[in-house]
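Summary of the model geometry
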Amino acid sequence: MKKPVCSTGLRWLWLVAVVLILDLGSKQLVLQNFRLYESIPLIPYFNLTYAQNLGAAFSFLADKGGWQRWFFALIAIVISVTLLVMMYRSSAKQKLSNIAYALVIGGALGNLFDRLVHGFVVDFIDFYVGEWHWPTFNIADTAICIGAALIIIESFISSDDKKTAPKQAESKQQSSKKQ
């Protein structure tokens, strides 16, 4: 039985498009206007610095000869398809989880595009304190992290709802018996 798309979590796919537009647009601006490792200070503790990431988060596996490009591309595809299925199976009313899934999908697809087109991920957001720099990242990475955090938060909220729902039902039953 088919469900109307607007009644499913796929209703939130517009957010995937927003993340992709912001991510790919910002990366294109960096590619057009920066030389590799060029850095422009914007405010204290924050630079725009063009870097290329051949690996995953924190350049994990970046020095492994190229196979990791296809491995991380496959992971991005599998995660995106899995989350799309989860969005289809969920109600559009499950806003928090669908927003989280859309953010992760948008970020995964943004970095997937980079891997397939450039062979590396374009990073440019550079936070630092003194000489210590957080690994450079991009908007796709930010969307993935926010989405993952929302999934974790939602799991705590959902587990609390599941614990309180039986208690509420039990108290309703007891109050109706007293009447």
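Residues numbered from 1 in each chain as written. Predicted model: local features only at pLDDT ≥ 70, side-chain atom pairs only at ≥ 80, totals over all residues. Heavy atoms only, no water.

1. Quick word on the overall build of the chain
- On a plain count of helices and strands, the chain comes out with four helices and four strands.
- Reading the helices (α) and strands (β) of the chain from amino to carboxyl end gives α-β-β-α-α-β-β-α.
- The buried share among the 179 residues of the chain stands at 35%.
- Working note: accessible area of the chain is about 11,300 Å², and carbon and sulfur atoms make up 68% of it. (Helix = DSSP H or I, 4+ residues; strand = E, 2+ residues; numbered from the N terminus. Buried < 20%, exposed > 50% of the residue type's maximum accessible area, 1.4 Å probe, protein only. Areas by Shrake-Rupley, 256 points an atom, 1.4 Å probe, with all protein chains shown as cover.)

2. Section: the packing of aromatic side chains
- Here the structure, examined in full by the defined rule, presents five aromatic pairs.
- Both rings, one in Trp-12 and one in Trp-14, keep their centres 5.9 Å apart while their planes meet at 35°; by these two values the pair is tilted.
- Between Phe-127 and Phe-137 the ring centres are 6.0 Å apart and the planes differ by 20°, which places this aromatic pair in the stacked class. Of this pair, Phe-127 sits in strand E3 (residues 121-129) while Phe-137 is found in the loop between strand E4 (132-133) and helix H4 (139-178), placing the two residues 10 residues apart along the sequence.
- Taking the relative accessible area as the measure of exposure, Phe-127 reaches 39% and is therefore partly exposed.
- The class of Phe-137 is buried, set by a relative accessible area of 17%.
- Among the aromatic residues, those joined into a cluster by ring pairs are Phe-46, Phe-127 and Phe-137. (Phe/Tyr/Trp six-rings, centres within 6.5 Å; stacked < 30°, edge-to-face > 60°.)

3. Considerations on the UniProt feature "transmembrane region" (unreviewed entry) in the chain
- The residues that UniProt annotates with the feature "transmembrane region" (unreviewed entry) are residues 12-30, 67-87, 99-117 and 137-157.
- For residues 99-117, helix accounts for 100% and strand for 0%, while the C-alpha atoms at its two ends are 27 Å apart.
- Taken end to end, residues 137-157 has its terminal C-alpha atoms 29 Å apart, with 90% of it in helix and 0% in strand. (UniProt positions renumbered as here; feature names shortened; annotations may be inferred.)

4. Thoughts on the environment of Val-5
- For Val-5, the position within the fold is in the segment before helix H1 (13-33).
- Distance in space between the C-alpha atoms of Val-5 and Met-87 is 10.0 Å, their sequence separation being 82 residues.
- Beyond its immediate sequence surroundings of up to four residues, Val-5 is in contact with Leu-10 and Arg-11. (Contact = heavy atoms within 4.5 Å.)

5. Description of a nonpolar patch on the surface
- There is a patch of nonpolar side chains on the surface, built from Tyr-45, Phe-127, Val-129, Trp-132 and Trp-134 and spanning about 580 Å² of accessible area.
- With respect to the element layout, Tyr-45 can be found in the loop between strand E1 (39-43) and strand E2 (46-53). (Patch = residues over 30% accessible without salt bridge, like charges linked within 9 Å, V, L, I, M, F, W, Y side chains within 5 Å. Salt bridge = Lys/Arg side-chain N within 4 Å of Asp/Glu carboxyl O.)

6. Some points on the packing of H1 against helix H3 (residues 95-117)
- Where H1 contacts H3, the two axes come as close as 8 Å, and the packing angle between them is 35°. Our pair here, H1 against H3, has a crossing hand that is right-handed. Taken together, the residues of H3 that come into contact with H1 (itself represented by Leu-15, Val-16, Val-19, Leu-20, Asp-23, Leu-24 and Lys-27) are Ile-99, Ala-102, Leu-103, Ile-105, Gly-106, Gly-107, Leu-109, Gly-110, Asn-111, Phe-113 and Asp-114. (Axes fitted to C-alpha atoms, helices over the stretch in contact; angles between N-to-C directions. Left-handed = near helix turned anticlockwise from the far one by under 90°.)

7. Focus: the pattern of salt bridges
- Throughout the structure, instances matching the rule amount to three salt bridges.
- Taking the shortest distance from any N to any O, the salt bridge between Lys-27 and Asp-23 comes out at 2.8 Å. Taken as a pair, Lys-27 and Asp-23 lie in helix H1 at a separation of four residues, close to a single helical turn. Like Asp-23, Lys-27 is buried.
- Glu-38 is the partner of Arg-35 in a salt bridge, and the nearest nitrogen-oxygen pair spans 4.0 Å.
- Judged by relative accessible area, which is 21%, Glu-38 ranks as partly exposed.

8. Structural notes on unusual backbone geometry
- Even without glycine at this site, Tyr-37 takes up a positive phi of about 70°.
- Given the relative accessible area of 59%, Tyr-37 is considered exposed.
- Positive phi, normally seen in glycine, also occurs at Tyr-45, with a value near 75°.
- When its relative accessible area of 49% is taken as the criterion, Tyr-45 is described as partly exposed.

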